[in-house]
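Coordinate analysis (summary)
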Amino acid sequence: MRPERITKTPEVVRASTPITDPSMKDIPLAYLMAVKNNENLDDCCRDFDNMHVELQKTDPALESANKLVVACGQCGKKQTRFVGGSANTKAG
Ligand SMILES: [Zn+2]
């Protein structure tokens, strides 16, 4: 008998891939810029050359990934960003 899991484990849609890889060009730049512009992070974590992104779905019913895990290839720290259905950025 398998024990039932209480916590949902996100489904990995795409394994961690360097953002410099051509296959990652569909990652919205806004999410990467949010990491790049975060002054609380170490310089290595903000360098595009170090960023690896893993795409996850927190709900198997979703059609596409709703969570990005941006990992630093140098120090290994991870930043998590949730991708909403629409980006509600207010201009002005
Ligand atoms: Zn780092």
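Throughout what follows, the structure given in this document is the object of discussion.

Rules used throughout
Residues numbered from 1 in each chain as written. Predicted model: local features only at pLDDT ≥ 70, side-chain atom pairs only at ≥ 80, totals over all residues. Heavy atoms only, no water. Helix = DSSP H or I, 4+ residues; strand = E, 2+ residues; numbered from the N terminus. Buried < 20%, exposed > 50% of the residue type's maximum accessible area, 1.4 Å probe, protein only. Contact = heavy atoms within 4.5 Å. Areas by Shrake-Rupley, 256 points an atom, 1.4 Å probe, with all protein chains shown as cover. Donors = N, O, S within 2.8 Å, 3.2 Å for Na, K, Ca; no water. Pairing = 2+ DSSP bridges. Axes fitted to C-alpha atoms, helices over the stretch in contact; angles between N-to-C directions. Salt bridge = Lys/Arg side-chain N within 4 Å of Asp/Glu carboxyl O.

Along the backbone of the protein chain there are one helix and four strands. Within the protein chain, the fraction of its 92 residues that count as buried is 27%. Across the protein chain, the fraction of contacts at a sequence separation of at least 24, relative to all contacts at a separation of at least 6, is 44%. If you sum the accessible surface of the protein chain, you get close to 6900 Å²; carbon and sulfur atoms cover 49% of it.

Below, the discussion takes up the coordination of the zinc ion. Those donors, Cys44 (SG), Cys45 (SG), Cys72 (SG) and Cys75 (SG), are the protein atoms that reach the zinc ion, and they lie 2.3 Å from it. Here the donor residues of the zinc ion share one chain and are spaced in sequence as C-C-x26-C-x2-C. Cysteine 72 sits in the buried class, given a relative accessible area of 6%. Among the residues examined, cysteine 75 registers a relative accessible area of 39% and is labelled partly exposed.

Across the sheet, four strands lie side by side as S1-S2-S3-S4; this open sheet has antiparallel pairing. Sheet topology places strand S1 (11-18) and strand S4 (78-82) at the edges, where each strand pairs with a single neighbour. Along the sheet, successive strands turn relative to each other by an average axial angle of 15 degrees, direction set aside. Of the strand pairs in this sheet, strand S2 (residues 51-57) and strand S3 (residues 67-72) are connected by six bridges, and their pairing is antiparallel. Each residue of the ladder has a partner; that of methionine 51, found in S3, is cysteine 72.

In total, this model carries three salt bridges according to the counting rule given. Ionic pairing is found between glutamate 11 and lysine 57, a salt bridge with its closest N-O pair at 4.0 Å. Linking glutamate 11 in strand S1 with lysine 57 in strand S2, this pair joins segments that are 46 residues apart in sequence.

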